[in-house]
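Spelled out, the chains give:
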Amino acid sequence: MSSPAATFSFPTTTVFGPGAIGGLPARLQQFGCKRPLIVTDPGLLETRAYQLLEKALAGSPALRPEVFSGVHPNPVEQDVVLAAKAFAEKGCDAVIAFGGGSALDVGKACRLLIKRPDLALASFNFNDDWCGLAPCVCVPTTAGTGSEVGRSSVVTLDSTKRKAVLFHPQLLARLVILDPELTFDLPPKLTAATGLDALTHCIESFTSPVFHPLCDGVALEGIHLIVESLPRAFRDGKDLDARGKMLVAAAMGAVAFQKDLGATHSLAHPLSSLCGMHHGTANAVCLPAVMDFNAQRKPGLYRRVGVAAGIDVLKAGDTEADRRTIGFVRGLIRELGLGEGLRAFGVTESHLDELVEQAFADPCHQTNPVPVTRDELRALYVASM
Ligand SMILES: [Fe+2]
């Protein structure tokens, strides 16, 4: 525990509970905002979740909300530019980022261009003055990325056609509303994929070697909540208790991964950009192979993950504790319908060279519990096929 000093920060005000969306108008008024811009994607406009948002806002005549619904599933720079333009043209004074990770990311990031309309995102400079961004309320309708409590937005840049991570503490939302009723419409497949993304965040952040005992505690409780509630939310999308616990656990996963992630995420990122896999699905398919790899080199690494998952590993030897925990995670992934390998998602040997190249360039594996080489990343893809 020698220097540098560690920094611990859990700053986002979060309102949780069924019907919590009803409190949004009063919160906006507290911020002095009357004309919020809802930033979302076109598919959400037809959902019951969106109706609940509209109903909440309609209850306050003083509010005159506007909508930008042009967010793409993997957001591009133009989404951010157009959202910022809509904000300026309609005279808005706050952002309501409403939806999955993409809508939340665009909602957070467009405030950079509201402050600096001429900025190309490729020239974003962390050290510029980003104080005073428009207030943003994040309202997730999925339980997975945890982007609502994150300080970054992932956007594909025009100039490079690659995903860039825009990171700044000022990007944090002023307020997060976690209302489990807004996630009722999420179909079982997406419930599983997004929930397993959250589980991967908790497992990878807990086992990454960075010193952050606060995040470790958050990650372990996140694992407990996900194991308890994800299968229930998968089987019955209207299970209010399970949906609520998953929403909180997803936010906890993202709070925990300010500590950092691991090799699973490095494998998953190129699977999305090159092979079009859903991020959570890519994590779910690769996670067991990465756990096997890490446990072989650091026996006992997953004992406390197993304890958090409620399985009997306390008195087992290191190797046996890992074996039972990884077996449990594999079983959970299978139960949630994602037990097939990468081949089932169209990934073939011909993709391997480019996948490995991009996975190795991805920074997440630098905080994996043990170092990974290019060849080992290739072996992990092969083991996940
Ligand atoms: Fe993730």
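Overview of the structure.

### Notes on the pairing of strand S2 (residues 36-39)
Both faces of the sheet carry side chains from a regular strand, because those side chains alternate between them.
Part 1 of the reasoning: Side-chain alternation along S2 places Pro36 and Ile38 on one buried face and Leu37 and Val39 on a second face that is also buried.
Part 2 of the reasoning: Pairing of S2 with strand S4 (residues 94-99) involves four bridges; the strand directions are parallel. Counted as the bridge partner of Ile38 is Ile96 from S4.
Part 3 of the reasoning: The pairing of S2 with strand S3 (residues 66-68) spans three bridges and is parallel. Paired with Leu37 across the bridge in S3 is Glu66.

### Points about the packing of aromatic side chains
Part 1 of the reasoning: On inspection of all chains with the given rule, the structure shows three aromatic pairs.
Part 2 of the reasoning: On the numbers, 6.0 Å between centres and 75 degrees between planes, the contact of Tyr50 with Phe98 is edge-to-face. Here Tyr50, found in helix H2 (residues 48-58), pairs with Phe98, found in strand S4; they are 48 residues apart in sequence, far enough to count as distant. Comparing Tyr50 with Phe98 shows no difference in burial state: the two are buried.
Part 3 of the reasoning: The positively charged end of Arg174 is found above the aromatic ring belonging to Phe31, 4.7 Å away from the centroid.
Part 4 of the reasoning: Cation over ring: Arg297 sits above Phe293, and NZ or CZ is 3.7 Å from the ring centre.

Quick notes on the rules
- Residues numbered from 1 in each chain as written.
- Predicted model: local features only at pLDDT ≥ 70, side-chain atom pairs only at ≥ 80, totals over all residues.
- Heavy atoms only, no water.
- Buried < 20%, exposed > 50% of the residue type's maximum accessible area, 1.4 Å probe, protein only.
- Helix = DSSP H or I, 4+ residues; strand = E, 2+ residues; numbered from the N terminus.
- Pairing = 2+ DSSP bridges.
- Phe/Tyr/Trp six-rings, centres within 6.5 Å; stacked < 30°, edge-to-face > 60°.
- Lys NZ or Arg CZ within 6 Å of the ring centre and 35° of its normal.

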